[in-house]
Amino acid sequence: MRIFVPRETHPGETRAAVTPETAARFVQLGAEVAVESGLGAGIGVADEAYTESGASVSANRGASLGEADLVLRVRKPPAEEVELLKSGSTHVSLLEPFNEQGLVESLAARGVSALSLELIPRITRAQKMDVLSSQANLAGYVAVILAAERLPRILPMMMTPAGTIAPARVFVIGAGVAGLQAIATAKRLGARVDAFDTRPAVEEQVLSLAARFVKVDLGETGQTEQGYARKLTEEQRGMQTEAMARVCVQSDAVITTAQVFGRRAPVLITKETIARMRPGSVIVDLAVESGGNVEGVEADREVEMNGVRVVGLANLPGRVAVNASQMFASNVYSLIEDGWDAETKAFRVDPEDEIVKGCLVTHAGEVVNEQLRKAQRV
């Protein structure tokens, strides 16, 4: 089986879908691996490191895409490259399938079996393949570092001859993977941390990190099968917004991480709330790429509102691209290895396999993912 890993073309993307270490593991499986020249530029890895791992380096992106049986990348393919893919080949990447209906239909028409890494089921067997969790973990860490850099004060308490400095207050909204890592990072840096989530079940995890869980009685909430919070009613959103506003005005830094699977991120912090916050406070919005949790946030920009800095920088894992690529590449390798046929030395797309069935978007000329079909009918 021929595997090709093209260089990422999305603006600002620094991650690589395959590292020299995982390339060597693919070669050991019996695959013929080719990477595009410059693939590792964003992580400080030269082409020679890939050749030493047993891969070849290609300077002809179009030809390599057309020859590959399996294409691995971080981001979705540019629309114009779908026609370059070989009919019957397999494409694995983040696809944003709920927002890219045209791209999904093009992949189906081309006869490509497309696996969307966002849709890998959150089951025990698939934990080592969970790209969203590995990247969210890093995003939560980076968000706190960004906030700490921008605050005009330190995070930890300090007792000095000049007096005692109280710890900064950090408020984390959303206690999923990113939120829990943000809580842990802020605590390690010495901050006092409050956290809120609509799912009461995560309270124990928040408390285990020595943070305070902000309780709001919203009635029935719960979570989806993918582990995301369910969409709230208008009344619940109003209660939540006011409760969070009371904590925001007491906080030095606010990290928002709330997302609803397959939908636009909910607005949790309004301009009215920001107007009540202390000048010099910082908000970091991790949901900016899906619409943002903060009213007025702008993707890839930092804006100031009433003296409060709102950070809407996208692709936070890409700011620690070395580790992000290591984790991403390991996740992808685990997915491919799980479906690898040792006799044919090829990745077998089995639509009946629990993991493949969950993330397979197109196959045999059709859109086959049931979640996506339901979304398209709505």
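Structure: see above.
Residues numbered from 1 in each chain as written. Predicted model: local features only at pLDDT ≥ 70, side-chain atom pairs only at ≥ 80, totals over all residues. Heavy atoms only, no water.

1. A look at the sheet that holds strand 15 (residues 308-311)
- Overall, mixed pairing links the 7 strands, which are arranged 11-10-9-12-13-15-14 in an open sheet. Strands at the two margins of the open sheet, each flanked by one partner only, are strand 11 (212-213) and strand 14 (302-305).
- Strand direction decides the pairing type here: strand 14 and strand 15, joined by 4 bridges, are antiparallel. When the bridges of strand 15 are listed, Val303 appears paired with Val310. (Pairing = 2+ DSSP bridges. Helix = DSSP H or I, 4+ residues; strand = E, 2+ residues; numbered from the N terminus.)

2. With respect to a nonpolar patch on the surface
- Taken together, Ile154, Met158 and Ile165 make up a surface patch of nonpolar side chains, about 220 Å² in accessible area.
- Among the secondary structure elements, Met158 is positioned in strand 7 (residues 158-160).
- Residue Met158 is classed as partly exposed on the basis of its relative accessible area, which comes to 39%. (Patch = residues over 30% accessible without salt bridge, like charges linked within 9 Å, V, L, I, M, F, W, Y side chains within 5 Å. Areas by Shrake-Rupley, 256 points an atom, 1.4 Å probe, with all protein chains shown as cover. Salt bridge = Lys/Arg side-chain N within 4 Å of Asp/Glu carboxyl O. Buried < 20%, exposed > 50% of the residue type's maximum accessible area, 1.4 Å probe, protein only.)

3. Notes on the sheet that holds strand 6 (residues 113-116)
- Taken in spatial order, the 8 strands of this open sheet run 3-2-1-4-5-6-18-19, and their pairing is mixed. One side of each edge strand has no neighbouring strand; the edge strands of this open sheet are strand 3 (56-58) and strand 19 (366-367).
- The pairing of strand 5 (residues 90-93) with strand 6 spans 4 bridges and is parallel. Bridge pairing links Ser93 to Ser116 in strand 6.
- Contacts from helix 10 (residues 321-338) reach strand 4 (70-72), strand 5 and strand 6 within the one sheet, and its direction differs from that of strand 4 by about 160°. (Contact = heavy atoms within 4.5 Å. Axes fitted to C-alpha atoms, helices over the stretch in contact; angles between N-to-C directions.)

4. Here we look at the environment of Met244
- Along the chain, the position of Met244 falls in helix 8 (residues 234-248).
- Taking relative accessible area as the criterion, Met244 reaches 2% and is therefore assigned buried.
- Sequence-wise, Met244 and Glu32 are 212 residues apart; in three dimensions their C-alpha atoms are separated by 53 Å.

5. Looking at the packing of aromatic side chains
- Applying the stated criterion to the full structure yields 1 aromatic pair.
- Relative to Tyr333, the ring of Phe26 has its centre 5.1 Å away and its plane inclined at 65°; by these criteria the two rings are edge-to-face. Pair noted here: Phe26 is in helix 1 (residues 20-29) and Tyr333 is in helix 10, with a separation of 307 residues, a long-range link. (Phe/Tyr/Trp six-rings, centres within 6.5 Å; stacked < 30°, edge-to-face > 60°.)

6. Regarding unusual backbone geometry
- The phi dihedral of Ala210 falls on the positive side, at around 70°, and the residue is not glycine.
- Relative to the helices and strands, Ala210 resides in the loop between helix 7 (203-208) and strand 11.

7. Regarding the pattern of salt bridges
- A full pass over the atoms with the stated rule returns 29 salt bridges.
- Residue Arg75 is joined to Glu289 by a salt bridge in which the shortest nitrogen-to-oxygen separation is 3.8 Å. In this pair, Arg75 is assigned in the loop between strand 4 and strand 5 and Glu289 in the loop between strand 13 (282-285) and strand 14, connecting sequence segments 214 residues apart.
- In this structure Arg75 comes out as buried when scored by relative accessible area, which is 11%.
- As a salt-bridge pair, Lys76 and Glu96 come within 3.4 Å of each other at their nearest N and O atoms.

8. Here's the deal with the packing of helix 5 (residues 131-150) against helix 10
- It is at 9 Å that the axes of helix 5 and helix 10 come closest, and there the two elements cross at 170°. In terms of axis orientation, helix 5 runs roughly antiparallel to helix 10. Every pair of crossing elements has a handedness; the one defined by helix 5 and helix 10 is right-handed. Contact with helix 5, carried on its side by Val131, Ser134, Gln135 and Leu138, involves Asn323, Ala324, Met327, Phe328 and Asn331 of helix 10 and no other residues of that element. (Parallel < 35°, antiparallel > 145°, perpendicular 65-115°, else oblique. Left-handed = near helix turned anticlockwise from the far one by under 90°.)

9. Describing the side chain of Ser251
- The topology assignment puts Ser251 in the loop between helix 8 and strand 12 (253-256).
- Given a relative accessible area of 0%, Ser251 falls into the buried group.
- Reaching out from Ser251, the side chain makes a polar contact with the backbone oxygen of Val247 at a distance of 2.8 Å.
- Once you skip the residues sitting within four places of it in the chain, Ser251 turns out to touch Arg169, Phe171, Arg278 and Ser281. (Polar contact = N/O pair within 3.5 Å; in protein donor to acceptor, adjacent residues only side chain to side chain.)

10. Here's the deal with the environment of Ala211
- Mapped onto the secondary structure, Ala211 falls in the loop between helix 7 and strand 11.
- For the pair formed by Ala211 and Ala186, sequence separation is 25 residues and the distance between their alpha carbons is 9.6 Å.
- In this structure, Ala211 is in contact with Ile183, Val193 and Val206, ignoring residues within four places of it in sequence.

11. A few points about the nonpolar core
- In this structure, Phe26, Leu72, Leu117 and Ile336 are the most contacted members of the largest nonpolar core, which totals 58 residues.
- Sort the elements by how many residues they give to this core and helix 10 lands first, with 6 residues.
- Those residues in contact with Ile336 that lie beyond four places of it in its chain are Phe26, Leu70, Leu72, Val92 and Phe347.
- Residues Leu180, Ala191, Ala211 and Val284 belong to the second largest nonpolar core, which totals 32 residues. (Core = buried A, V, L, I, M, F, W, Y, C linked by side-chain atoms within 4.5 Å.)

The values reported here are purely geometric and, on their own, carry no functional implication.
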